[in-house]
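So you can see what is in the structure, the chains are spelled out below.
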Amino acid sequence: MTVAVRVPEELSARVPAEQRGPGLDRDAVRLLVSRGTEVSHHGFGELPRLLRAGDLLVVNTSPTLAAAVDGWIGHARVVVHFSTRGDDGRWAVELREPDGKGTSRARAGGPAGTEVRLPGDARLTLEEPLSARGERLWWARVSGSGVVELLREHGRPIRYSYTERDQPLAVYQTVFSLPSEDEDGTGSAEMPSAARPFTARMVAELVSRGVQFAPITLHTGVASAEVHEPPYPERFAVSEASARLINAVRAGDGRVIAVGTTAVRAVESAAGGDGVVRARAGWTDLVVTPERGVRVVDGLLTGLHEPEASHLLMLEAVAGRAAVDRSYEEALRGLYLWHEFGDVHLILPEEDPHAVRCVSNYE
């Protein structure tokens, strides 16, 4: 894969930035900026000075769910991660084993018909694997309780082993998160974490400097913590207003910068072969790779991804392999912090994005 070096455990961000010292806020993280193979180091608070009037940030409004619930198969305790709600009312779920440290580890999925007892006399029954690629995620039905009520009363945010302790759900919401308008409790199993460092103060400063925001929604499913698989189909929506705003910026001198890989997946799923973004809602199975390229996005603000992560292919599609290799070498050398509570990486184009776009994407 692109980055061959293993990320040392000590570079995992174990707690949110605001808990690392008195007087700190979410924006107390570092910002690695790359323009091609040119790399510079900043604090996230410098972002308004690195962008310019007319730039557009595409942000994900999906709220994070308290998607982890304890359950039992016979006498054995399991942890259920609720990933994605299907159109037929079933949920894609992942079953994991408690590791005795407050987190969980992978377990074999299935078989079909497996019943999991959940709190409040609810039952979950596995029906079929989500994909022929493997049996990590299963379609399942819940009886005896609604999933929304179950998560509200008994759920907690999904937590991985590199974190130090459980955190309240509010820690996993971004400043752009909006309550779900759906009664089915649709949201993200895992936080769209690239937006986590933004504060209301930062957003106000960006707006005052002429930076615009285009909200989209993409509900993220459960990531493969141990084996980095390509993303599964996810539910997304790009509104007419956001589509028009993105197209207007592309027609002018501004740059379209996605906040997070989820925003890239959503906006690229709504773009036609002509690069025009149109209002769309539904499911996307798009995997952005260097071969596919990007049609809309000029830049990307994202976290730091592990060497096996499929997200790195998306970064290559935006910036090129040499740029990604160079920036990750610098991140490792500079001891940047990884994962959802860690530092962030801003990828900006080397040249006028509109000139490049005309040559690379439409020949």
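Up top you'll find the structure we're talking about.
What comes next concerns the included structure.

What counts and what doesn't
Residues numbered from 1 in each chain as written. Predicted model: local features only at pLDDT ≥ 70, side-chain atom pairs only at ≥ 80, totals over all residues. Heavy atoms only, no water. Helix = DSSP H or I, 4+ residues; strand = E, 2+ residues; numbered from the N terminus. Rg over C-alpha atoms; globule rule 2.2 N^0.38 Å. Buried < 20%, exposed > 50% of the residue type's maximum accessible area, 1.4 Å probe, protein only. Contact = heavy atoms within 4.5 Å. Areas by Shrake-Rupley, 256 points an atom, 1.4 Å probe, with all protein chains shown as cover. Lys, Arg positive; Asp, Glu negative; His and termini not counted. Charge placed at Lys NZ, Arg CZ, Asp CG, Glu CD. Pairing = 2+ DSSP bridges. Core = buried A, V, L, I, M, F, W, Y, C linked by side-chain atoms within 4.5 Å. Salt bridge = Lys/Arg side-chain N within 4 Å of Asp/Glu carboxyl O.

Looking now at the overall build of the protein. Summing up its helical and strand segments, the protein has eight helices and 16 strands in all. Since a compact globule built from 363 residues should have a radius of gyration of about 21 Å, the 20 Å found for the protein is in line with a globular shape. On the principal axes, the C-alpha backbone points of the protein span a range of 60 × 45 × 35 Å. Per-residue burial over the protein gives 54% buried out of 363 residues. Of all intrachain contacts in the protein linking residues separated by at least 6 positions in sequence, the fraction that spans at least 24 positions is 71%. Here the protein displays about 15,500 Å² of accessible surface, and carbon together with sulfur accounts for 51% of that area. Considering the protein, the positive charge centre built from 40 side chains and the negative charge centre built from 51 side chains are found 2 Å apart.

Once that is clear, we can look at the pairing of strand β5 (residues 76-85). Of all ten residues in β5, seven are buried; the element is thus mostly enclosed. The sheet contact formed by strand β4 (residues 68-73) and β5 spans six bridges and is antiparallel. Paired with Ala68 across the bridge in β5 is His81. Counting the residues between successive antiparallel strands, the hairpin from β4 to β5 contains two residues, one of them, Gly74, with a positive phi of roughly 65 degrees. With six bridges connecting them, β5 and strand β6 (residues 91-98) associate as antiparallel partners.

Among all positions in helix α6 (residues 311-319), only Leu312, Met314, Leu315, Glu316, Ala317 and Val318 are buried. Along its buried surface, α6 packs onto α5 (261-269), β15 (299-303), α7 (321-333) and β16 (344-348). Directly beyond the C-terminal end of α6, a positive phi value near 95 degrees is found at Gly320.

The subject of this paragraph is the nonpolar core. With 42 residues, the main nonpolar core has Val238, Ile246, Val277 and Trp338 as its most contacted residues. Secondary structure elements with two or more residues in this core: β3 (56-60), β11 (212-218), β12 (234-238), α4 (240-251), β13 (256-259), α5, α6 and α7. It is α6 that contributes the most residues to this core, five residues altogether. Core analysis: the next-biggest nonpolar cluster, separate from the first, contains 26 residues, Val69, Val116, Tyr160 and Val222 among them.

This paragraph deals with the environment of Pro63. Its location among the elements puts Pro63 in the loop between β3 and β4. In sequence terms Pro63 and Arg159 are 96 residues apart; their C-alpha atoms lie 16 Å from each other. With residues up to four places along the chain from it excluded, the contact list for Pro63 reads Gln173, Ser177, Leu178, Ser180, Thr186, Gly187, Ser188 and His219.

It is worth spelling out the pattern of salt bridges at this point. Where charged atoms of side chains with opposite charge meet at close range, the side chains can pair. Counted according to the given criterion, the structure contains 25 salt bridges. The salt bridge involving Glu205 is made with Arg209; its shortest N-O contact spans 3.3 Å. The residue Glu234 makes a salt bridge to Arg265 at a minimum N-O spacing of 2.6 Å. Remark: Arg265 occurs in helix α5 and Glu234 occurs in strand β12; sequence separation between them is 31 residues. By the burial criterion, Glu234 is buried, and Arg265 matches it. Residues joined by salt bridges that share partners form a network here, namely Asp88, Arg90, Glu127, Glu128 and Arg141.

With respect to the helices, strands and loops of the structure, His81 is situated in strand β5. Apart from residues no more than four positions distant in its own chain, His81 is found in contact with Ala67, Ala68, Ala92, Val93, Glu94, Arg96, Ser104, Ile158 and Val222.

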